[in-house]
Amino acid sequence: MSFAFDLYIDRPSWLHRLDPRTKLAFVAFSSVLLLSFSHPFVSAAFLLGIHGILWSGKVPASRLRWAWQRMWPITILILLLWPIFYPQGEEVLWQVWRIRITTQGLCQGLSMALRVDALAFAFLVLLFSTDQARLVRGLVKLGLPYEWGLTLAIAMRYLPTLYGIYITVSEAQQARGWVIGEGNFVRRIKSYLPILVAVIVMALRLADNLSMALSARGFQSGARRTYLKDLELSLADKVCLPLFAASLILFLIFRLRHGLGA
Amino acid sequence: MDDVVIVENVHYAYPPLTPGGEPIPVLKGVNLRVRRGEFLALMGPTGVGKTTLCLTLNGILPHLMGGTFQGKVVVAGMDTREHGPGEMSRQVGLVFQDPESQLFNMTVEGEVAFGLESLGLSPSEMEERIAWALEVVRLSGLRQRHPLQLSGGQKKRLAIATVLAMRPQVLVLDEPVTGLDPVGRHEVLSVVEELKREREATVIMVEQDAEAVLTWADRVVIMEEGRLVLEGSPRQVLSQVESLHDWGLAVPQLGELAHLFNRRQGTSFHFFTEDEAYSALADEPISNIQYPVPDTQHPTSSEHSTAVQVEDLCYRYDDGPWAVADINLSVEAGEFLAIIGQNGSGKTTLVKHLNGLLRPTRGRVLVLGQDTAGQSVGQLARKVGYLFQNPDHQIFAPTIWEEVAFGLRNLGFSEGEVATHATEALALFGLGDHADTPPAVLGYGLRRKVTLAAVWAMRPQVLVLDEPTAGLDWRGTCTLMEEVTSLNSQGHTIILVTHDMKLVAEFARQVLVLDEGRALAYGPTRQLFQQEAILRQAFLAPPPITVLARRMRPYGLRGDSLTVEEFYQDYTALQQLDKEQRGRSPEQSEGTGAEEQGNRVPATLCPCDLAP
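Residues numbered from 1 in each chain as written. Chains lettered and ligands numbered in written order. Predicted model: local features only at pLDDT ≥ 70, side-chain atom pairs only at ≥ 80, totals over all residues. Heavy atoms only, no water.

Structural notes on the packing of helix α5 (residues 123–136) of chain B against helix α6 (residues 152–164) of chain B
Residue and element names in this part refer to chain B. Put simply, the rule reads: All axes are obtained by fitting lines to C-alpha atoms, using only the stretch in contact for helices, and the reported angles, taken between N-to-C directions, cover 0 to 180 degrees. Elements are defined by DSSP. Helices are runs of H or I of four residues or more, strands are runs of E of two residues or more, and each kind is numbered from the N terminus. In a left-handed crossing the near helix is turned counterclockwise from the far helix by less than a right angle, and in a right-handed crossing that turn is clockwise. We call two residues contacting when some pair of their heavy atoms lies within 4.5 Å. Residues are grouped as follows: nonpolar covers Ala, Val, Leu, Ile, Met, Phe, Trp, Tyr, Cys and Pro; charged covers Asp, Glu, Lys and Arg; every other residue, Gly included, is treated as polar.
At a closest axis distance of 9 Å, the pairing of α5 and α6 adopts a crossing angle of 145 degrees. Between α5 and α6 lies a crossing of right-handed hand. Across the interface between the two elements, W132, A133, L134 and V136 of α5 pack against L158, A161 and L164 of α6. Looking at side-chain class alone, the contact of α5 with α6 contains seven nonpolar, no polar and no charged residues.

This is the structure:
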């Protein structure tokens with residue numbers, strides 16, 4: 001059974017102990033920051049800083065390598081395509097027919113690629129260090145209705161299960177001589193039909209049983225729900241949150257008033 | 001007045017499956033009372049309404065599913081007509097059959113906490129109850145584990161802990177050991193025993209396993225067609241062998257032996273356990289006789305061609321440890337091989353190599369003399385039929401006929417051939433009248449049968465059956481095994497993966513024991529079941545009848561019986577020999593001897609005398 005749907009890695013670190021709300025605030029802070037500053041130096045510095053955070057948060061290097069393996073194709077793609085589709089600018093480095101490569105285009109491409117990477121890693125700070133239950137808890141604490149949070153948590157919990165069912169069903173149909181994923185597009189789509197029907201029927205049964213299991217566990221028993229491990233802001237959180245807010249305001253003032261980092 | 005559960009004349013019908021259809025009546029007037037502290041076993045064949053009755057106890061029926069409900073269910077003074085399942089959950093702890101759908105949290109601890117959070121308890125009280133419940137089910141060390149990472153037995157125990165922590169008045173367990181391997185069964189049943197012995201819990205347990213019922217229940221009720229038809233102490237109820245068999249239920253294997261003696265020899269034995277049987281049977285006068293060892297081997301097919309050959313097979317998933325290692329196997333055409341071992345011992349991994357779903361990391365696999373390398377799963381499907389454990393993994397077609405025709409069309413048969421093969425398969429499995437029925441609406445036993453028919457229709461030489469009897473009741477098991485035996489006698493090679501040692505003893509001629517991916521033993525069933533040390537190493541045990549037979553060897557018994565019938569034949573042959581040697585004994589006259597002889601033909605026996 002695969003657990004690949006969960007990025008969380010359990011480590012004893014300050015980053016893991018941080019309240020999920022603080023980390024959500026960090027993601028918001030990073031997004032606003034990265035979207036308003038376009039200079040490649042800002043994104044690069046930010047990216048470096050995030051790696052520092054991940055490293056001090058004891059996220060193993062293998063996970064970072066895993067993340068970069070997924071990020072570099074899109075990074076290369078942006079670096080290649082941006083200059084081609086952005087022919088403006090004075091300094092023309094290279095021109096064939098209508099394709100103009102300019103210094104400005106290259107810079108913008110670099111900036112865009114670094115921003116996308118930095119943004120992705122800002123999210124990974126949250127996902128690598130926060131288990132799903134705490135993440136959902138954080139969202140509920142921020143005002144998401146509990147039922148929605150529970151639905152979200154259950155959806156994440158059952159992804160591996162449904163994947164397992166999918167694998168077994170496709171094996172069962174192959175064992176009866178069914179060939180999956182060959183031929184033209186329409187035929188390929190059709191070849192998944194016998195599998196999808198069986199998976200959907202099983203998923204419906206699962207959902208039925210799940211709703212019974214929930215009510216057998218006192219769900220909607222009328223009592224006000226309490227929590228075994230409620231989230232409370234620790235000292236670190238109380239330091240981090242105003243820090244984010246203050247630096248965000250500061251950065252934005254510099255950006256808007258003084259036009260820095262454009 | 002101390003009845004904690006009161007069920008009065010309950011009728012229930014599920015809402016119709018299709019709009020405008022008929023409601024489906026399941027409970028037809030159930031009356032039941034359970035005293036505080038009582039351990040009640042509810043037995044009955046599949047599809048008679050046992051689970052439905054459980055669901056009425058905490059108000060899931062009718063509150064959650066609708067349908068028509070008449071009568072009254074009161075648990076701990078609360079009437080389910082007035083209180084929904086959310087409130088009833090404080091009184092009734094319901095543990096469902098399927099562990100997968102009731103473990104929906106990310107950690108073991110969170111799983112137990114869920115119900116307590118619903119009740120609005122304080123964190124300190126929750127902490128206390130979680131620690132207690134996990135200790136009862138012996139999972140204290142695994143609090144942060146993901147429920148998906150637990151073994152089958154651990155999952156069931158966790159499911160019990162989740163409702164136990166809510167301190168309900170009544171615990172309802174729906175088939176708590178179904179589908180578990182022997183280790184898992186033992187783990188769960190020992191928790192059940194502790195609940196009974198030390199916590200004096202009120203428990204209602206739905207259970208097929210007669211041996212478990214005999215050991216733990218204070219009282220047994222039998223359910224048949226939506227009604228309770230028999231109740232009493234386990235010993236009273238389980239000695240009604242004929243009625244139970246008529247209802248399609250198993251009895252403990254040694255109880256069946258007692259019944260066989262009583263019926264054929266007019267004795268009045270009443271034993272269930274090994275010790276009881278031993279003292280009853282060893283009392284009979286038997287002198288120590290050197291018994292001629294007859295040929296006990298079943299005749300194997302004459303041509304001696306090899307159906308499946310496995311050479312030095314090793315396999316691992318990704319970079320994991322070896323899932324199977326150094327397996328060598330040579331299965332003759334027409335053989336009946338059983339593969340046994342705990343969950344995770346590599347049984348399914350091994351058999352998936354036979355039809356190419358997995359490819360060897362090292363070594364090779366030959367089917368009908370040809371290496372599976374270079375043959376697609378589709379090509380191998382002509383030679384190897386593979387019956388998956390859960391019929392719902394393969395059922396998808398709108399009608400049974402389509403379901404059976406599916407594989408044939410895949411293999412490229414002409415429409416004419418598809419029609420003849422499919423019709424023949426449906427006829428063979430007695431499904432001819434249901435050809436246009438959607439398979440999804442059938443009961444579990446019939447769905448199982450449809451999948452077997454669908455695999456058989458493709459006429460594979462080798463049939464791999466992965467836990468085919470899991471979830472079937474005794475009658476369903478008998479029918480299925482009868483069909484499998486008849487396929488075997490037509491020359492099909494059968495490879496059976498199972499946890500049920502009685503099935504192995506009765507049907508398999510060869511056995512492969514797997515332990516942690518390695519072959520622990522491989523040989524004829526009769527010899528292998530004598531080597532208890534090897535079986536124990538794989539956490540397995542021979543069926544009770546084999547254990548009893550060996551224990552009685554000093555009395556002159558051959559001691560290697562695999563079935564009740566064999567034991568009986570052995571024993572009576574010994575009685576006969578004993579009589580002839582003494583050459584007298586007026587009370588054991590010619591009359592009874594002749595009668596015995598006449599009864600030797602097991603014509604009146606059930607198709608198979610197993611008792612799962």
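Considering the pairing of strand β12 (residues 322–332) of chain B
Residue and element names in this part refer to chain B. Going by this rule: Two strands pair if DSSP finds at least two bridges between them.
Here strand β11 (residues 306–316) pairs with β12 via seven bridges, running antiparallel. Looking across to β12, one finds that T306 is bridged to E332. Linking β11 to β12, which pair antiparallel, is a turn of five residues; within it D318 sits at a positive phi near 45 degrees.

So, the nonpolar core
All names here are of chain B. For clarity, the cut-off: Definition used in this section: a nonpolar core is a set of buried Ala, Val, Leu, Ile, Met, Phe, Trp, Tyr and Cys residues joined via side-chain atoms within 4.5 Å. Each residue gets one of three labels from its accessible area relative to the maximum for its type: buried under 20%, exposed over 50%, partly exposed in between, using a 1.4 Å probe on protein chains only.
Of all hydrophobic cores here, the largest spans 57 residues; its most connected members are V112, L134, L158, L173, V220, I222 and L244. If you tally residues by element for this core, the top one is α6, at six residues. The contacts of I222, once residues within four sequence positions are left out, are M43, R227, L228, V229, L230, V237, L244, W247 and L249.

Some details on the side chain of E109 of chain B
For clarity, the threshold we go by: Polar contact is the term for a pair of N or O atoms within 3.5 Å; when the atoms are in protein, one must be able to donate a hydrogen and the other to accept it, and sequence-neighboring residues count only if both atoms are side-chain atoms.
Along the polypeptide, E109 of chain B turns up in helix α4 (residues 108–118). Within polar-contact distance, the side chain of E109 of chain B engages the side chain of K229 of chain A at 2.6 Å. In this view, E109 of chain B contacts L228 and K229 of chain A together with I130, R143 and Q144 of chain B; residues no more than four positions away in its chain are not counted.

Notes on the sheet that holds strand β17 (residues 462–466) of chain B
Residues and elements named next belong to chain B. The sheet built from six strands is open, its strands ordered β16-β17-β18-β13-β19-β20 with mixed pairing. Bordering the open sheet on either side are β16 (384–387) and β20 (518–524), each of which pairs with just one other strand. Ignoring strand direction, the axes of neighbouring strands in this sheet form an average angle of 15 degrees. Summarising the sheet, strand β13 (residues 336–340) and strand β19 (residues 510–515) pair through four bridges and their orientation is parallel. Its bridge partner lying in β19, A338 is registered against V511. Packing against the sheet, helix α17 (residues 444–457) makes contact with β16 and β17, and its axis sits at approximately 170 degrees to β16.

Description of the sheet that holds strand β5 (residues 78–79) of chain B
All names here are of chain B. Across the sheet, four strands lie side by side as β2-β1-β4-β5; this open sheet has antiparallel pairing. Each edge of the sheet is formed by a strand with only one pairing partner; in this case those strands are β2 (24–35) and β5. Alignment of strand β1 (residues 3–14) against strand β4 (residues 68–75), held across seven bridges, turns out to be antiparallel. By the bridge assignment, V7 is partnered in β4 with V73. Strand contacts of helix α1 (residues 50–57): β1, β2 and β4, with the helix running at about 120 degrees to β1, the strand carrying the most contacts.

Some details on the interface of chain B and chain A
The test is simple: Throughout, the accessible surface (probe 1.4 Å) given up by two parts as they are put together, summed over both, is called the buried area. For salt bridges, the criterion is a side-chain nitrogen of Lys or Arg within 4 Å of an Asp or Glu carboxyl oxygen.
On the chain A side, the residues contacting the 65 residues of chain B number 51 residues. Taken as a group, F104, M106 and H393 of chain B account for 15% of the area that chain B buries against chain A, more than any other trio of residues on that side. At the surface where chain B touches chain A, the tally comes to seven salt bridges. As a salt-bridge pair, E100 of chain B and R157 of chain A come within 3.4 Å of each other at their nearest N and O atoms. The interface formed by chain B and chain A contains 23 residue pairs in polar contact (both at pLDDT 80 or more). If you list the elements that add at least two residues to the side of chain B that touches chain A, you get α3 (85–88), α4, α5, α6, α14 (377–380), α15 (400–410) and α17 of chain B. With eight residues, the top contributor of residues to the side of chain B that touches chain A is α4 of chain B.

Topic: the packing of helix α3 (residues 40–56) of chain A against helix α5 (residues 103–129) of chain A
The relative placement of two packed helices is expressed as an angle between their axes plus a distance between the axes. Residue and element names in this part refer to chain A. Spelled out, the test is: Note on terminology: angles under 35 degrees are roughly parallel, angles over 145 are roughly antiparallel, angles of 65 to 115 are roughly perpendicular, and the others are oblique.
Closest axis-to-axis distance for the α3/α5 pair is 8 Å, and the angle between their directions is 25 degrees. With respect to their mutual orientation, α3 and α5 come out roughly parallel. As α3 packs across α5, the resulting crossing turns out to be left-handed. Along the contact surface, α3 presents P40, S43, A44, F46, L47, I50, H51, I53 and L54, while α5 presents C107, L110, S111, L114, R115, D117, A118, F121, A122, V125 and F128. Here the residues of the contact of α3 with α5 are counted per class, giving 15 nonpolar, three polar and two charged.

Side note on the pairing of strand β14 (residues 362–367) of chain B
Residues and elements named next belong to chain B. In terms of strand pairing, β11 meets β14 through five bridges, oriented antiparallel. Counted as the bridge partner of Q309 is L366 from β14. Direction of pairing for β14 relative to strand β15 (residues 370–371): antiparallel, over a ladder of two bridges. Each residue of the ladder has a partner; that of V367, found in β15, is Q370. Taken together, β14 and the strand that follows it, β15, pair antiparallel across an intervening segment of two residues, in which L368 is found at a positive phi of about 50 degrees.

Points about the confidence of the model for chain B
Residues and elements named next belong to chain B. Condition: pLDDT is a per-residue confidence score from the predictor, ranging from 0 to 100.
Averaged over every residue, the pLDDT of chain B is 88; residues scoring 70 or more account for 91%. Predicted confidence for residues 585–612 stays below pLDDT 50, and this span has 52 contacts to residues more than four positions away or in other chains. At the level of chain-chain contacts, confidence expressed as ipTM amounts to 0.85, with global pTM at 0.86.

A closer look at unusual backbone geometry
Residue and element names in this part refer to chain B. In the segment running from L61 into P62, the intervening peptide bond is cis, with an omega of 5 degrees. Notably, D312 is not glycine yet its phi reads approximately 45 degrees, a positive angle. Its location among the elements puts D312 in strand β11. Judged by relative accessible area, D312 falls into the partly exposed class, the value being 45%. Its identity as a non-glycine residue notwithstanding, E467 has a phi of 45 degrees, on the positive side. By secondary structure assignment, the location of E467 is in the loop between β17 and α18 (474–489).

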